[in-house]
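Here is how the chains run, residue by residue.
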2 protein chains.
Amino acid sequence: MAKKNTQHFKGEYDRIKAQGGIAFPEAMVKAWLAERGVRVPVGRVARTADEASKIGAGIGYPVVIKVSSDRMLHKTESGAVKLGVKGPGELRREFGDMRARANDSMRHRGFEGVLVEEQVPPGVEMIVGLQNDPHFGPVLMVGMGGILTDLLEDVAFRMLPVARRDVREMLRGLKGRALLGGFRGAEPCDVQALEDTILTIARLGADIAPYFESADFNPVIVHPKGAVVVDAKVVLSDVVRPRVLSAGKPHTGHLESFFNPASVAVIGASASPGKIGNVIVDSLVNYEFKGRIYPINPNRETIMGVKCYPSLDALPEAPELAVMVVDLSEGPRLMKELAANGTHALLVVSGGGKELGGSREHIEREMTRLARELDVRVVGPNCIGAFDGRSRFDSFFHSHERLLRPPAGSMSFITQSGTWGCGFLEAAEVSGVSRMVSYGNRVDVDEGDLIACLAADENTSVVGSYIEGLGDGRKFLAAARRSIKEHGKPVVAFKTGRNARSANAAVSHTGAYGGTYAVYEGVLRQAGVITTDSFHELFAACQALALQPAAAGPRAAMLSNGAGPMVNALDLFPARGLELVRLARPSVRAMRDHFSFFYLVENPVDVTGSASAEDYEFVIRTLLDDPKVDVIMPFFVFQDTPLDESIVERMATLNRLADKPIVGCAAGGPYTARMVRALEEVGVPVLPDVAQWTAAASALIEWGRIKKGR
Amino acid sequence: MAKKNTQHFKGEYDRIKAQGGIAFPEAMVKAWLAERGVRVPVGRVARTADEASKIGAGIGYPVVIKVSSDRMLHKTESGAVKLGVKGPGELRREFGDMRARANDSMRHRGFEGVLVEEQVPPGVEMIVGLQNDPHFGPVLMVGMGGILTDLLEDVAFRMLPVARRDVREMLRGLKGRALLGGFRGAEPCDVQALEDTILTIARLGADIAPYFESADFNPVIVHPKGAVVVDAKVVLSDVVRPRVLSAGKPHTGHLESFFNPASVAVIGASASPGKIGNVIVDSLVNYEFKGRIYPINPNRETIMGVKCYPSLDALPEAPELAVMVVDLSEGPRLMKELAANGTHALLVVSGGGKELGGSREHIEREMTRLARELDVRVVGPNCIGAFDGRSRFDSFFHSHERLLRPPAGSMSFITQSGTWGCGFLEAAEVSGVSRMVSYGNRVDVDEGDLIACLAADENTSVVGSYIEGLGDGRKFLAAARRSIKEHGKPVVAFKTGRNARSANAAVSHTGAYGGTYAVYEGVLRQAGVITTDSFHELFAACQALALQPAAAGPRAAMLSNGAGPMVNALDLFPARGLELVRLARPSVRAMRDHFSFFYLVENPVDVTGSASAEDYEFVIRTLLDDPKVDVIMPFFVFQDTPLDESIVERMATLNRLADKPIVGCAAGGPYTARMVRALEEVGVPVLPDVAQWTAAASALIEWGRIKKGR
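From a predicted model like this one, the values you see are computed outputs, not experimental measurements.

Conventions used here
Residues numbered from 1 in each chain as written. Chains lettered and ligands numbered in written order. Predicted model: local features only at pLDDT ≥ 70, side-chain atom pairs only at ≥ 80, totals over all residues. Heavy atoms only, no water. Helix = DSSP H or I, 4+ residues; strand = E, 2+ residues; numbered from the N terminus. Buried < 20%, exposed > 50% of the residue type's maximum accessible area, 1.4 Å probe, protein only. Areas by Shrake-Rupley, 256 points an atom, 1.4 Å probe, with all protein chains shown as cover. Least-squares fit on C-alpha atoms with pLDDT ≥ 70 in both. Contact = heavy atoms within 4.5 Å. Buried area = accessible area lost by both parts, 1.4 Å probe. Salt bridge = Lys/Arg side-chain N within 4 Å of Asp/Glu carboxyl O. Pairing = 2+ DSSP bridges. Axes fitted to C-alpha atoms, helices over the stretch in contact; angles between N-to-C directions. Core = buried A, V, L, I, M, F, W, Y, C linked by side-chain atoms within 4.5 Å. Polar contact = N/O pair within 3.5 Å; in protein donor to acceptor, adjacent residues only side chain to side chain. Parallel < 35°, antiparallel > 145°, perpendicular 65-115°, else oblique. Left-handed = near helix turned anticlockwise from the far one by under 90°. Disulfide = S-S within 2.5 Å. Phe/Tyr/Trp six-rings, centres within 6.5 Å; stacked < 30°, edge-to-face > 60°. Lys NZ or Arg CZ within 6 Å of the ring centre and 35° of its normal. Arc of directions from axis to C-beta. pLDDT = per-residue confidence, 0-100.

**Remarks on the overall build of chain A**
Counting its secondary structure elements, chain A contains 22 helices and 30 strands. Dimensions of chain A, computed from the C-alpha atoms along their principal axes, are close to 95 × 80 × 35 Å. Taken across its 710 residues, chain A has 62% of its residues classed as buried. With the model as given, the accessible surface of chain A reaches about 25700 Å², and the carbon-plus-sulfur share is 51%.

**Remarks on the relation of the copies chain A and chain B**
When chain A is fitted to chain B, the best match, at an RMSD of 0.1 Å, comes from turning it 180° and sliding it 0.0 Å along the axis. What the rotation and shift describe, once combined, is the action of a two-fold rotation axis. In this assembly, 100% of the residues forming the interface of chain A have copies in chain B that are likewise at the interface, indicating an isologous arrangement.

**A short note on the side chain of Thr419 of chain B**
Note on placement: Thr419 of chain B falls in helix 11 (residues 418–427). Looking at Thr419 of chain B, the relative accessible area reads 10%, which means it is buried. When near neighbours in sequence (up to four residues on either side) are disregarded, Thr419 of chain B contacts Gly562, Ala563, Pro565, Phe635 and Val637 of chain A.

**Points about the interface of chain A and chain B**
Facing the 71 residues of chain A at the interface are 71 residues of chain B. The contact between chain A and chain B buries some 5400 Å² in all, and 61% of this surface belongs to carbon and sulfur atoms. For the chain A face of the interface with chain B, the top three residues by lost area are Leu151, Arg402 and Gln639 of chain A, together amounting to 14%. Ionic pairing is found between Arg674 of chain B and Glu401 of chain A, a salt bridge with its closest N-O pair at 3.4 Å.

**A word on the sheet that holds strand 24 (residues 530–532) of chain A**
The strands making up a sheet are joined through hydrogen bonds of the backbone, oriented either antiparallel or parallel. All names here are of chain A. Pairing in this open sheet of 6 strands is mixed, and the strands run 19-21-20-22-23-24 from one edge to the other. Of all the strands in the sheet, just strand 19 (385–388) and strand 24 have a single pairing partner and so form its edges. Geometrically, the sheet is characterised by an average inter-axis angle of 20° between neighbouring strands, direction not taken into account. Sheet topology places strand 20 (residues 408–415) next to strand 21 (residues 433–438); 6 bridges connect them, and they run parallel. Bridged to Ile414 within strand 21 is Val437.

**Considering the nonpolar core**
Among the nonpolar cores identified, the biggest contains 219 residues, and Leu347 and Trp693 of chain A together with Leu347 and Trp693 of chain B are the most heavily contacted of them. When neighbours within four sequence positions are excluded, Leu347 of chain B is seen to be in contact with Phe258, Leu321, Ala322, Val323, Met324, Val379, Cys383, Gly385, Ala386, Phe393 and Ser395 of chain B.

**What about the pattern of salt bridges?**
Residue and element names in this part refer to chain A. Tallied over the entire structure, the rule returns 92 salt bridges over all chains. The partner of Arg576 in a salt bridge is Glu537, and the shortest N-O contact between them spans 3.3 Å. Of this pair, Arg576 sits in helix 17 (residues 564–576) while Glu537 sits in helix 16 (residues 535–547), placing them 39 residues apart in sequence. As far as the burial class goes, Arg576 and Glu537 line up, both buried. Residues Glu617 and Arg621 are paired through a salt bridge, measuring 2.9 Å at the closest nitrogen-oxygen approach. Separated by 4 residues within a single helix, Glu617 and Arg621 lie in helix 19 (residues 613–625), roughly one turn from each other. Because the salt bridges share partners, they merge into one network encompassing Arg372, Arg377, Asp444, Asp446, Asp449 and Lys475.

**Here we look at helix 11 (residues 418–427) of chain A**
Residue and element names in this part refer to chain A. Buried residues dominate helix 11, accounting for 9 of its 10 residues. Where helix 11 is concerned, the buried positions are Gly418, Thr419, Trp420, Gly421, Cys422, Gly423, Phe424, Leu425 and Glu426. Its side-chain oxygen 3.3 Å from the backbone nitrogen of Thr419, Ser417 forms the N-cap of helix 11.

**Things to note about the packing of helix 16 (residues 535–547) of chain B against helix 22 (residues 690–707) of chain B**
Residues and elements named next belong to chain B. For the pair helix 16 and helix 22, interaxial distance at closest approach is 8 Å and the crossing angle is 50°. Comparing the axis directions of helix 16 and helix 22 gives the class oblique. The hand of the helix 16/helix 22 crossing is right-handed. Contacts between helix 16 and helix 22 involve His536, Glu537, Ala540, Ala541, Ala544 and Leu545 from the first element and Ala691, Gln692, Ala695, Ala696, Ala699, Leu700 and Trp703 from the second.

**Points about the packing of helix 20 (residues 647–657) of chain A against helix 21 (residues 670–681) of chain A**
All names here are of chain A. Running from N to C, helix 20 and helix 21 point in directions that differ by 25°, and their axes come no closer than 9 Å. Taken together, the axes of helix 20 and helix 21 are roughly parallel relative to one another. Taken as a pair, helix 20 and helix 21 cross one another with a handedness that is right-handed. Residues Ile647, Val648 and Met651 of helix 20 form the contact with helix 21, whose participating residues are Met675, Ala678 and Leu679.

**Details of unusual backbone geometry**
What is expected of a backbone is that most residues other than glycine have negative phi and most peptide bonds are trans. A cis geometry characterises the amide bond from Leu160 of chain A onward to Pro161 of chain A, with omega recorded as -5°. Here Pro161 of chain A is to be found in the loop between strand 8 (155–159) and helix 6 (164–172). Look at the link from Asn603 of chain B to Pro604 of chain B: it is a cis peptide, with omega at 0°. You can see Pro604 of chain B is positioned in the loop between helix 18 (585–594) and strand 27 (605–606).

**With respect to the environment of Val235 of chain B**
All names here are of chain B. Relative to the helices and strands, Val235 is located in strand 11 (residues 233–236). Residue class for Val235 comes out buried when judged on its relative accessible area of 8%. Residues Val235 and Tyr211 lie 24 residues apart in sequence; the distance between their C-alpha atoms is 8.5 Å.

**Section: the state of the cysteines**
Enumeration over the complete set of coordinates arrives at 0 disulfides over all chains. Unpaired in terms of disulfides, Cys383 of chain A finds its nearest cysteine sulfur in Cys422 of chain A, a separation of 12 Å.

**Considering the packing of aromatic side chains**
Under the counting rule described, the total for this entry stands at 38 aromatic pairs over all chains. Look at Phe635 of chain A and Trp693 of chain A: their rings are 5.9 Å apart centre to centre, the planes differ by 65°, and that puts the pair in the edge-to-face class. A residue pair is termed long-range when its members are at least 10 positions apart, and Phe635 of chain A in strand 28 (residues 631–635) and Trp693 of chain A in helix 22 (residues 690–707) qualify at 58 residues. Residue Phe635 of chain A shares its accessibility class with Trp693 of chain A, and that shared class is buried. Measuring from centroid to centroid gives 4.5 Å for Phe597 of chain B and Phe598 of chain B, while their planes differ by 55°, and the two rings are tilted. Take Phe598 of chain B: its relative accessible area is 27%, and that puts it in the partly exposed class. Each residue in the set Phe413, Trp420, Phe424, Phe535 and Phe539 of chain A together with Phe635 and Trp693 of chain B is aromatic and connected to the rest through ring pairs, giving one cluster. Here the guanidinium or amino end of Lys495 of chain A rests over the ring plane of Tyr520 of chain A, the centre of that ring lying 4.4 Å away. Against the face of Tyr517 of chain B rests Arg498 of chain B, its NZ or CZ located 3.8 Å from the ring centre.

**Here we look at helix 18 of chain B**
Residues and elements named next belong to chain B. Listed in full, the buried residues belonging to helix 18 are Ser587, Val588 and Met591. When helix 18 is viewed along its axis, its buried side chains cluster within an angular range of 95° and face the same direction. Opposite the buried face of helix 18, by more than 90 degrees, sit the exposed residues Arg589 and Asp593. For helix 18, the secondary structure elements touched by its buried residues are strand 27 and helix 19 (613–625).

**Quick word on the sheet that holds strand 17 (residues 345–348) of chain B**
Residues and elements named next belong to chain B. Taking strand neighbours across the sheet as the criterion, the 5 strands line up as 13-12-16-17-18 in an open arrangement whose pairing is parallel. The sheet is open, and its two borders are formed by strand 13 (292–296) and strand 18 (377–379), each paired with just one other strand. The average undirected angle you get between the axes of adjacent strands in this sheet is 20°. Across 4 bridges, strand 12 (residues 263–267) lies against strand 16 (residues 321–324) in parallel orientation. Note that in strand 16 the partner of Ala265 across the bridge is Ala322. Packed onto the sheet, helix 9 (residues 331–341) meets strand 12, strand 16, strand 17 and strand 18 and runs at close to 165° relative to strand 16.

**A short note on the environment of Val167 of chain A**
All names here are of chain A. Among the secondary structure elements, Val167 is positioned in helix 6. Spatially, the C-alpha atoms of Val167 and Val142 are 8.3 Å apart, while their sequence positions differ by 25 residues. When neighbours within four sequence positions are excluded, Val167 is seen to be in contact with Val162, Glu195, Ile198 and Leu199.

**What about the confidence of the model for chain A?**
Averaged over every residue, the pLDDT of chain A is 92; the share at 70 or more is 95%. Reported confidences for the modelled complex are a pTM of 0.94 and an ipTM of 0.93.

**Description of the pairing of strand 17 of chain B**
Residues and elements named next belong to chain B. Side chains Ala345 and Leu347 project from strand 17 onto one buried face, and the interleaved Leu346 and Val348 project onto a second face that is buried too. With 3 bridges connecting them, strand 16 and strand 17 associate as parallel partners. Following the sheet pairing, Ala322 is matched in strand 17 by Leu346. Bridge count for strand 17 against strand 18 is 3 bridges, and the pairing is parallel. Bridging from a neighbouring strand, Ala345 pairs with Arg377 of strand 18.

Here you go:
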C-alpha cells in the first residue's frame, strides 16, 4: 500500500469533524501504521454479528473486540473493550451487547462497528504517545506501560522529528528499562522492533501533526521477537495547525545595541538617591561605561553633573539605546518616538505588565505589535536588563556598593529571574562575564533571539540560561543547536517550575504528562543543552565550561588531603554520569614509590592531612599522564597547615599544561575563600560544595559527549 | 496452638544444623506464622504421591506444589515450585518428577517431602524481609513485591522491634504505595491485614533473631480482604547470636575532660612552625584557652615560652587530658603511663591506624582493650579532635589564621570526617558552636558515647552528626532516642557512602538490600533522627534548629522582593514535606489594602523589587498572625536598593516576638554576605541557597512532628 499523504489525513480530519467526531477511529490509525510496516493485531471492523463471527473464525479464538468509533476516548472504562472472547457464541452475544451500549452512550452516532482482533500474547508493555505541546509543538512520549506509567511517571519526551539515537536515549532513560533486557530470567525483548515501531509512530506523528491534539499507543507489547501496537487513540485538534512543525527564526537585529551602545537615553532619570532612575544613571555616569549618557527628566537641568533633557525630541542625537523606567503605559508612545528618531533598541525596566493581568496585558500586546511594525527591539518589561563585561554597560537599579559588576569574562547568562541575574554576576566576581540579560516578560526579544546573539558574540564561550517557562520553545532549541553545532559553544540550562502539570490529563495518558518537566528535560537533552538541577549547579557548570576543556570521557579521579568530601562525591557519581576509574598500574606505582606509606594511592587518592602543595602537584601530574583518567577532581582542605600557598602557582602551571579538565572543591571560612579566589584567578574553578563540584565535572563530560555528536 | 518458645526455635536450629541444613523449612515457618494468626495458604507436606493427591483433593484444584527442604534457597530457579497443578493426575506426575529432581540435586538429603498448597488468587504482591544487620542487628524490610522490588529498589527498613506506626511509615514511604490504595479502579487492599501480617512477622523475627541470617516472605499477597504469606524462606545464621537485640550502653565517663580540661599535656609538642605538634600548642597557648598546658618534648626547655617536659612522669600533676601526635605505635605504652598517673582521657590525633591494615590494625585493637581495662577514654586515632566554644579548648592542627574558631553557641557536631568538622566550625562563624568532635577511627569513644555526652551538655541544643558508617548502630540510636525524648534535643544526621551494596545478594532478596542507605534511612527515621542529603543541608538544619522554634506543622509561606528563588523552592516542597499554604483571607485582604497594586499578595508573596524593609515587616507580621502559617520563609534580594538596612533591626524584633520559625535565604556577593551575617547575629538564619533553605525549614517541621510523638 502507498503511504497516505497529507491530502488524505486532511480529508479524514474534515470528514470526522463534520460529523462531530473527536478522534481518528482506532482501525483507521492501525491501518496507517500497518501500511508503514508496524505490526498491529490481525483484525477488521464488523458491522454485523455475522460479519464479526466470520472475522473471528478467520483469526482463530480467543479474540478481542472493541467498539470502533470516532468519539469514544475511554473504551476500557466504558465497557467498550472485551478481551478473551473464546468462541463464536460469546462473540455474537458480546457484539450485540456492545452495539446496544455503544449506540446508547453515543446517542446513536459515532458507532462504526466492532473491531474484532487477535488477542496478542503477553509481553513487556510500553506506552508511546504524541502530544502537541504549546511550547515545543508535536512531541513524542515513550514510557513503560501498564501500571508503571502512572505509578512511576516513567516517561521520556522528545520533539518531532526524532532520530533513532533519540529513541535509544529515551529508552535508556526509563526507570523500568531493565524489563526490556530480559528481567529476572525472562527472554530479552526485541528492542530493535520496538525502536522501529516508535520511529514509525513518530513519523506518522509528524505527518498528521496539524490534526491531532494528543495520542496514546497503549499498550505497545514487545516480545522476544517483534512488537505490536495493541491500541491506538488519536484525539483530533480543535483546528488544523498547518505550520506546527516550523519554528520562528531567531532575530538578532539591533541586539548589539543592548550591550555596547554608543549612547544611552535614560527615560525617567531621577535626581533622588535610591530611586531606580537615579541608580541607573549613577552606574552609567560614575563608573567605567564610556558611552554618551542622556538623562531624560523635564524637571532637572543636570543629574550628577550630566546635562538633562526634557524629552527624546530634545536630544542632540538619536541615542543607540533607550532605557525606560517610567510607567509601562508610556511604552507604546515612546516606541513610536524612538522609531521616528531612528533608535531601534528599548530596554524596559518598568514592571506592572501582564503579571497584573487586565488592561496591563494589553499594553504588552501593543508593544509586541509595535516592535515588529517599527523595528524597535524591546528587552523587558519587568526586568533588570543587560550587562556587558567589556563595554561596562549595565542598566541595573542596584548600586555598585550592593551589587558587584564582575570583570570581563567568557560566560554569558540569560535569565527570567533578575534575582538569579544578580546571583550570577556576583558569583562570577573572579571568573568574569561577557554578557548578562534579564529579559522579564519578553514582549519582543526572547530566549531564542538572545541565545543566537550570544552564540555569535566572539567573547562568549558558554551560555547559561535560567528558565521558568519558554515562550517559543522550538526557536530556543534551534538557536541552542546552532550555538552548539556551528559556534561550538555549550548551552547550559536550569529549568524551574517543575511541578507544573497539564490540564489535559482527561484526554490521554500522554496529555497528562504534557507541560511537565519531563518534556523540557527531553527536548533540552535532544538539542544538546546541558541541564542542571539548581541555580548554583548551573553556575558551576558554566564556570567549568568557561575555564576548562571538555572531558574526553566519564572517567574521573579524585584526590584530597581530607577524605570525607570524596566519599560524598562518590554517592553522586552514578546520577551525574561520572565513573570512578581504576588508575593505570604505573600511576599507582609511581605514587606508591614517591609517597609515605600513610598515603592511599588508589582512586580516590587520599594524600592525608600531611599533604604539601608539592604532593598535590605530584598526584595531578600523575593523573594528567594516566591515559585512563578523563577529568581530575582535587578537593583542598586549605585549613591544613602542610598545604602551603605554593599550591596556587603549581596549579597555575598544571592548568596551563593540562589537556584534561581540572575541577576543584573546597569548603571553609575567609582563608579558604582567599585561596579559592587565587585559584580561580589562575583559571582553576574551585566549587564550594560537593553538589556543585560534581555538577561541574558532569558538565565537562556531557560537553565532551555532545561535541563528539554523542 | 500455643506460640512456640525460644527453646523450640533453638531445638529446631540445632537439629537442622546438625543434619547440614541451612534454612528453616518453609512449612515449619508457615506453621509458626499460622499459630500467630497470620494467613498462609491451606496445605500440608506430602511424603508420597498418594498422600499428595489426598491433600490435593482436600484443598481443591488448582494447587501449588513445592519441595520442602532445609537447604534449598532458590526454589523457583531450581524447578522446585509448580503453580497451577490442575488435577490429581498432574499432581502425581509432578510429585514424582519433583522428588526425583530434588533427591538428585540434594544428593539424597534434605528432601522432606512436597508441600501441597491452595493456589492463592492474585492481588497486590509485597515482600517482607528480615535481616541481621552488622550495625543494627535484626531489621525488618517491607517493599513492593514482584518486579517492583528489584526494578525500583522500592523497600523500607526498620530495626526490630517495630510499632504499628513504624509499619505505617514504611508503607507510606514506598514508591509503589498507590497500588495498595486501589490503583486505576481496582478495589483498595486490606492494609490493616497487611500491617498485622508485617507486625507478626516482625515479632516472630525478634523471637528467632539469634538463629537467622536473612529471611524473605515473598510474596505476601494482599487482597481487598486479608493478606496471605505465600512463600517463606528463613536462612539460618552460622552461629547462634543470643544477644543480638541488646545494645551496648553509651558510656560517658571522663568525656567532659575532652572539652573543658583543667590541664592538657601535648605529647609530641614541637618548636618547628608548621608541625602538627607546634600548631596545637600555639592554639592552646596563644589564644583564649585558660587551662594549664604541658608540652612534652625531651629536646626542648620551653616552647612558646611555656615550660617543656621530657615525659609524662616529669609533670607536676596528672594532666586531665593528654593529646598525642607521636606515632600511633606509642599509644598502648602511653595509655599505661597515663593510667598509672591518674589521667583518664587521651585524644589521639596521629593517623596511621587500621586504614593502613596489617600490624597497624593490631595497635588499634590493643588500645581498645586497654581503654576498657585501664579506664582511659580514647578519642581517635586519625582525627582532628575536639573543640569547646566556652572553654575555648581545641586540639586542632590548623592555625587560627586558616581555621576560624567560632564563638560559643548551642550547636554541637560529631563527625567521622575532620574536613567536615572544619567546614562546620567555619560555617558557624556567627551562630556559634558548643562542642565539636572529630572521632576518627573510634578505638574507644564512639558516636553513641558522644551523642549521650552532648545530649547531657547544658549548652547544647542540637546535635549534628556526619556519618560514613556507624560502629554500634543500636547504641547510637539508643543515645539519639534519649537525646530526643529525655533531653528534648534534636539529632540531625547526614550519612554518606550510600552506594554500598551488600555481599549477601545471593542469599535472599532482603540480603541484597542489607547495608544499603535504605537501612540507615529507615532506622534513623525510626529513632526520630532528622536526616539530610548533603553536608551543607546538615549545617542548615542544625543552625535552624539552634536558632528557631520547631514548626507546628508543614504549612509554609514565602515572601520575597525577587520571585525566582521562590519558584525554585516550590519545586523542592513536595520532597521536603513542605506545603504551600493558601493564606487566610484576612491576611490577603490586609496586604492588599496596605500595598501598591504591583505587589502579589497570595502565597508566595511577591513584594517586588520596590519592597522596603517596612514592607517585609508588614508581610511577616501578617504571616505571624495568620493561623494557617506554620513556618515563614523570606528570601531577601539585598542588592535591591529600596530594601534598606533597617531590615536587621526589624527582623530582630520580629524574631523576638515570633512563636513561629523564620528561615531566610539570600544569594550574592560581599554586601549580601554582610547583611546575612547581621541577620544571623540577631538570630535569624539566612541560608545561601534554595536547597539549604528548604532543608532548614523541613528540619523545623520534622522536629515539630517528632516532638509531638509524630
